[in-house]
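# Coordinate inspection notes
Okay, here's what each chain looks like letter by letter:
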Amino acid sequence: MNLKEKIENIVKNGAAIVAFDYTKEDGTTSRRNGVIGYQPFGHRAWGKHTSKSIVVSKDGSEFVTVKTNNDDTPSGHAYKSFNLARISNFTHNANA
């Protein structure tokens, strides 16, 4: 099962907490975590939602939208999109 199918399978029943390693354009990797599985929201100038969590960019790249913890915002959360091609070590605890 590829990563997109795994994500779609996880969110079919609602939101879920996930974690993954993300490699940035500069080659550095960081561990990220957050919640996936929200209804599509807002307009994206660079792409469109094809499901609750997947966004496809104008060039055809696939991204996952994640609600992350971010202390720099008034709500303490931010929605960010991560390129599936740069994600590794994706984990999900179904019992969490």
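As a reminder, the structure under discussion sits directly above these lines.
Below is a summary of the structure that appears in this document. These numbers come from a predicted model, not from an experiment. (Residues numbered from 1 in each chain as written. Predicted model: local features only at pLDDT ≥ 70, side-chain atom pairs only at ≥ 80, totals over all residues. Heavy atoms only, no water.)

### Focus on the nonpolar core
Within the largest apolar cluster, 15 residues are counted, with the highest numbers of intra-cluster contacts made by Ile7, Phe20, Ile36, Val64, Phe82, Ile87 and Phe90. Mapped onto this core, the elements with two or more residues apiece are helix 1 (3–11), strand 1 (16–23), strand 5 (62–69) and strand 7 (87–92). Among the elements that take part in this core, strand 1 stands out by supplying 4 residues, more than any other. Once you skip the residues sitting within four places of it in the chain, Ile7 turns out to touch Ile36, Ser53, Ile54, Val64, Leu84 and Phe90. (Core = buried A, V, L, I, M, F, W, Y, C linked by side-chain atoms within 4.5 Å. Buried < 20%, exposed > 50% of the residue type's maximum accessible area, 1.4 Å probe, protein only. Helix = DSSP H or I, 4+ residues; strand = E, 2+ residues; numbered from the N terminus. Contact = heavy atoms within 4.5 Å.)

### Let's talk about unusual backbone geometry
Its identity is not glycine, yet Asn89 carries a phi of approximately 55 degrees, on the positive side. In this structure, Asn89 sits in strand 7. Taking the relative accessible area as the measure of exposure, Asn89 reaches 48% and is therefore partly exposed.

### Focus: the pairing of strand 1
With respect to burial, strand 1 is a largely interior element, 6 of its 8 residues being buried. With 8 bridges connecting them, strand 1 and strand 2 (residues 29–36) associate as antiparallel partners. Counted as the bridge partner of Thr23 is Thr29 from strand 2. The turn joining strand 1 and strand 2, which pair antiparallel and follow one another in sequence, is formed by 5 residues; a positive phi near 95 degrees is taken by Gly27. Two strands pair when backbone bridges link them, and strand 1 and strand 7 are joined in this way by 4 bridges, in the antiparallel orientation. Each bridged residue has a counterpart across the sheet, and for Asp21 the counterpart in strand 7 is Ser88. (Pairing = 2+ DSSP bridges.)

### Looking at the side chain of Thr68
Tracing the chain through its elements places Thr68 in strand 5. Residues within four places of Thr68 in sequence aside, it is in contact with Arg32, Asn33, Gly76, His77, Ala78, Lys80 and Phe82.

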